[in-house]
Amino acid sequence: MEPSTERVTARPASVLAPFIDQYVGYRMTGYPAGLHRGLPSAHMTFIVSIGAPIDVVAQPDPSQSPQDYRCSVGGLQASSAIIAHDGYQEGISIALTPLGSRALFGVPAAALWDTSVEFDDVVGPVGRELWERLQEPLGWPERFAAVDQILTRMAYPDRVVAPELTWAWRAVVGSGGTLPVSSLVDEIGWSRQHLARRFSNEFGLSPKLAARITRFERARRMLEHTPSYITIAQVAASCGYYDQAHLNRDFAELAGTSPTLWLSEEIPSVQDTDRSAGRR
């Protein structure tokens, strides 16, 4: 069987839009069995499996044991998870920003930093309900509607992140990770130490590391989707790295491999997007 990848995207319901960027439905078939890297990102991990569970054989935090998940939820991370697959994967990835952790889970994103858990261990029976609904023989629009219904029901939009931290997070991500911490300090009016403490207590990492992960994610996506005649050095320059060696070091530390080796080994990411479901 020839490898085949289907991806369908949709926007969430309006009440969820402030903290969920999109839904990505994915179905990958015909690939050789192997390993997939779950890379650091500016989104939290929130993936609902359809069919076989998600087999995490190495966690971002090496002290956490390998585990299978029906619906995997996790905070931001600064290293890769390793997921085993048999050549078939299907599910929905929910692009949840850390600004939505309080609204959906009742805790700051920092409470889930560098860890993975089963969704119903965080939110109770509604977590299993979400997984069970998506096991039904539905089309993508119906699946996205089911996610909307359940997450809207459990969301508390008034549980919000402090406005200064909301602005700081969006500024870091909006700049592609190139905005210096000094600019955040100047805009908010806090000391650098106070900003770092409040930011870390809310999101689990410092503003500097958040910028580094955002820049890495931008470079990784650009490497995936630009033509082969665009060099890694050109991508590095475009994303704000000093040079290709700087990008290579970030890949080694955040992805656990080099850009070249990652591109040659990696199957398509379930969090990337190809086409729209035509909804909203």
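In this numbering scheme, every chain counts its residues from 1 along its sequence in written order. Residues qualify for local features only when their pLDDT is at least 70, as the model is predicted, and side-chain atom pairs are given and counted only at 80 or more; totals for whole chains, interfaces and linings, by contrast, use all residues. Note that water and hydrogens are dropped before the side-chain values are worked out from all heavy atoms of the structure.

**Digging into the overall build of the protein chain**
How we decide: Each helix is a run of DSSP H or I of at least 4 residues and each strand a run of E of at least 2, with the numbering of both proceeding from the N terminus. Note on method: radius of gyration uses C-alpha positions; expected globular size equals 2.2 Å times residues raised to 0.38. For accessible areas, the Shrake-Rupley method is used with a probe of radius 1.4 Å. Any residue's cover is judged against the shown protein chains and nothing else.
Across its full length, the protein chain carries eleven helices and ten strands. Taking 19 Å as the expected radius of gyration for a compact globule of 280 residues, we find that the protein chain reaches 18 Å, a close match to that expectation. Along the three orthogonal principal directions, the C-alpha set of the protein chain runs to about 50 × 45 × 40 Å. A total of about 12300 Å² of accessible surface is found on the protein chain, and carbon and sulfur atoms cover 52% of it.

**Things to note about helix α4 (residues 140-154)**
Basically, it comes down to this: The length a helix should cover is 1.5 Å for every residue beyond the first. Categorising residues by exposure relies on relative accessible area from a 1.4 Å probe, with only protein chains included: less than 20% of the type maximum marks a residue as buried, more than 50% marks it as exposed, and the intermediate range marks it as partly exposed.
With 15 residues, α4 should reach 21 Å at 1.5 Å per residue; the first-to-last C-alpha distance of 21 Å fits that figure. Within α4 the residues assigned to the buried category are Trp-140, Arg-143, Phe-144, Ala-146, Val-147, Asp-148, Ile-150, Leu-151 and Met-154.

**Describing unusual backbone geometry**
At Asp-114, a residue that is not glycine, the phi angle is positive and equals roughly 60 degrees. Along the chain, Asp-114 turns up in the loop between α1 (101-105) and β10 (116-118).

**Focus on the pattern of salt bridges**
Opposite charge on two side chains allows them to pair when their charged atoms are near. Cut-off, in case you're wondering: Take a side-chain nitrogen of Lys or Arg and a carboxyl oxygen of Asp or Glu: if they are within 4 Å of each other, that pair is a salt bridge.
What the rule picks out here adds up to twelve salt bridges. Residue Arg-212 is joined to Asp-250 by a salt bridge in which the shortest nitrogen-to-oxygen separation is 2.7 Å. With Arg-212 in helix α8 (residues 207-225) and Asp-250 in helix α10 (residues 244-254), this pair connects stretches of sequence that are 38 residues apart. Take Asp-250: its relative accessible area is 4%, and that puts it in the buried class. Salt-bridge contacts for Glu-253 lead to Arg-212; the nearest nitrogen and oxygen are separated by 2.5 Å. Taken together, the residues span a long stretch of sequence, with Glu-253 in helix α10 and Arg-212 in helix α8 at a distance of 41 residues. One connected set of salt bridges, linked through shared partners, spans Glu-6, Arg-27, Glu-90 and Arg-143.

**A word on the packing of helix α5 (residues 163-174) against helix α7 (residues 192-203)**
What counts is decided by this rule: For helices, the fitted line uses only the C-alpha atoms of the stretch in contact; every axis is such a line through C-alpha atoms, and the angle between N-to-C directions lies from 0 to 180 degrees. Angle categories: roughly parallel below 35 degrees, roughly antiparallel above 145, roughly perpendicular from 65 to 115, and oblique for all the rest. Between two residues, a contact is recorded if the distance between any of their heavy atoms is within 4.5 Å.
Two numbers describe how α5 lies on α7: the axes approach to 11 Å, and their chain directions differ by 85 degrees. Classified by the angle between their axes, α5 and α7 sit roughly perpendicular to one another. Facing α5, whose interface residues are Leu-165, Ala-168 and Trp-169, α7 presents Arg-198, Phe-199, Glu-202 and Phe-203.

**Regarding the sheet that holds strand β7 (residues 71-74)**
Inclusion rule: Note on pairing: two strands pair once DSSP finds at least 2 bridges between them.
Taken together, six strands build an open sheet; the order of strands is β1-β2-β9-β4-β7-β10 and the sheet is antiparallel. The outermost strands of the open sheet, each flanked by one partner alone, are β1 (4-10) and β10. Within the sheet, the average angular offset between the axes of one strand and its neighbour, ignoring direction, is 20 degrees. Sheet topology note: the strand β4 (residues 45-49)/strand β9 (residues 89-96) ladder contains three bridges and is antiparallel. The residue bridging Val-48 from the neighbouring strand is Ile-92, located in β9. Strands β1, β2 (20-29), β4 and β9 of the sheet are contacted by α4, whose axis makes an angle of about 140 degrees with β2.

**Notes on α7**
Our working definition: Read the arc as the range of directions from the helix axis to the C-beta atoms.
When the terminal C-alpha atoms of α7 are compared, their 16 Å separation across twelve residues agrees well with the 16 Å that a helix rising 1.5 Å per residue should span. Of the residues making up α7, those classed as buried are Leu-195, Phe-199, Glu-202 and Phe-203. Buried residues along α7 cover an arc of 75 degrees about the axis, so they all sit on one side. Facing away from the buried surface of α7 by more than 90 degrees, the exposed residues are Gln-193 and Asn-201. The inward-facing, buried residues of α7 abut α1, α5, α6 (181-188) and α8. Where α7 terminates, the next one or two residues include Gly-204, which has phi positive at roughly 100 degrees.

**Considerations on the side chain of Thr-29**
One can find Thr-29 in strand β2. Apart from residues lying up to four places away in sequence, Thr-29 is in contact with Met-1, Glu-2, Pro-3, Ser-4, Gly-87 and Tyr-88.

**Thoughts on the packing of helix α3 (residues 125-134) against α4**
To be explicit about the condition: Residues were grouped as follows: Ala, Val, Leu, Ile, Met, Phe, Trp, Tyr, Cys and Pro as nonpolar; Asp, Glu, Lys and Arg as charged; and all remaining residues, including Gly, as polar.
Taken N-terminus to C-terminus, the directions of α3 and α4 make an angle of 170 degrees; their axes are 9 Å apart at the nearest point. In terms of their interaxial angle, α3 and α4 are classed as roughly antiparallel. When α3 is examined against α4, the residues Val-126, Glu-129, Leu-130, Arg-133 and Leu-134 are found in contact with a partner set consisting of Arg-143, Ala-146, Val-147, Gln-149, Ile-150, Arg-153 and Met-154. Its residues placed into classes, the contact of α3 with α4 shows seven nonpolar, one polar and four charged.

**Description of the sheet that holds strand β5 (residues 54-58)**
By definition, the strands of a sheet pair up through backbone hydrogen bonds, in either a parallel or an antiparallel sense. Reading across from one edge, β3-β8-β5-β6 is the order of the four strands in this open sheet, with antiparallel pairing throughout. Looking at strand neighbours, the two that pair on one side only are β3 (34-38) and β6 (67-69), the edges of this open sheet. Across the sheet, the mean angle from the axis of one strand to that of its neighbour is 35 degrees, orientation sign disregarded. The pairing of β5 with strand β8 (residues 81-85) spans three bridges and is classified as antiparallel. Within β8, the residue paired with Asp-55 across the bridge is Ala-84.

Function cannot be read off these values alone, since they describe shape.
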